[in-house]
Structures are given as C-alpha cells and as structure tokens.
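# Reading the structure
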Amino acid sequence: MLWALSPYGDAVFNERQVPLLPAEFDRLPEAYGGTWVDQARELCQVVQSGPHRYLWFVGD
C-alpha cells in the first residue's frame, strides 16, 4: 500500500486498506523510518476505531 505515497500527490486509505499498513511499516528499511512512522501507526489506530474514517497523506 505504501507504493501509493508520493511526496507531490495525495493518497487516501480507507478503513479496509489501513489494517495492511502496519505490516508494511515493519518492513520499511531503517533509512525510511522516523517519527512519521510512529505517527502514522497512531493514525491507523484512529481510523480503525470507528466506521467511515480515512487516512489521508497530503503531498506538497
């Protein structure tokens, strides 16, 4: 799912896609990690805590 991320465009993950992201975060090379991964994990939990929620990544 992370292949959909682009620094220049937006990406939206729905409540069915978000559960796939934490496993992909675990497979990221250390060079691509950082605080954004922990923040994204927290946001994934928010999305999973209720219906009709989405995780948006907004590019520049």
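Placed above this text is the structure.
Below you will find a few notes about this structure. All values reported here derive from a predicted model rather than from experimental measurement. (Residues numbered from 1 in each chain as written. Predicted model: local features only at pLDDT ≥ 70, side-chain atom pairs only at ≥ 80, totals over all residues. Heavy atoms only, no water.)

## Re the overall build of the chain
To be explicit about the condition: A run of H or I in DSSP becomes a helix once it reaches four residues, and a run of E becomes a strand once it reaches two; helices and strands are each numbered from the N terminus. Here the globule rule is a power law, 2.2 Å times the number of residues to the power 0.38, and the radius of gyration is based on C-alpha atoms. Think of it in three bands: residues with accessible area under 20% of the maximum for their type are buried, residues over 50% are exposed, and the middle band is partly exposed, with areas taken using a 1.4 Å probe on protein chains only.
A count of helices and strands for the chain gives two helices and two strands. Starting at the N terminus and ending at the C terminus, the chain contains elements arranged as β-α-α-β. In terms of C-alpha radius of gyration, the chain reaches 11 Å, essentially the compact-globule figure of 10 Å for 60 residues. Dimensions of the chain along its principal axes, counting C-alpha atoms only, are 35 × 25 × 15 Å. Within the chain, the fraction of its 60 residues that count as buried is 23%.

## Quick look at a nonpolar patch on the surface
Which entries qualify depends on this criterion: Each patch is built from salt-bridge-free residues with over 30% relative accessible area, joining like charges within 9 Å and nonpolar side chains (Val, Leu, Ile, Met, Phe, Trp, Tyr) within 5 Å. All accessibility values rest on the Shrake-Rupley procedure with a 1.4 Å probe; residue burial counts only the protein chains present in the view. The term salt bridge refers to a pairing of a side-chain nitrogen on Lys or Arg with a carboxyl oxygen on Asp or Glu at a separation within 4 Å.
Among the surface-exposed residues, Val12, Tyr54, Trp56 and Val58 lie close enough to one another that they form a single nonpolar patch of about 450 Å² accessible area. Tracing the backbone shows valine 58 in the segment after strand 2 (55-57). When its relative accessible area of 63% is taken as the criterion, valine 58 is described as exposed.

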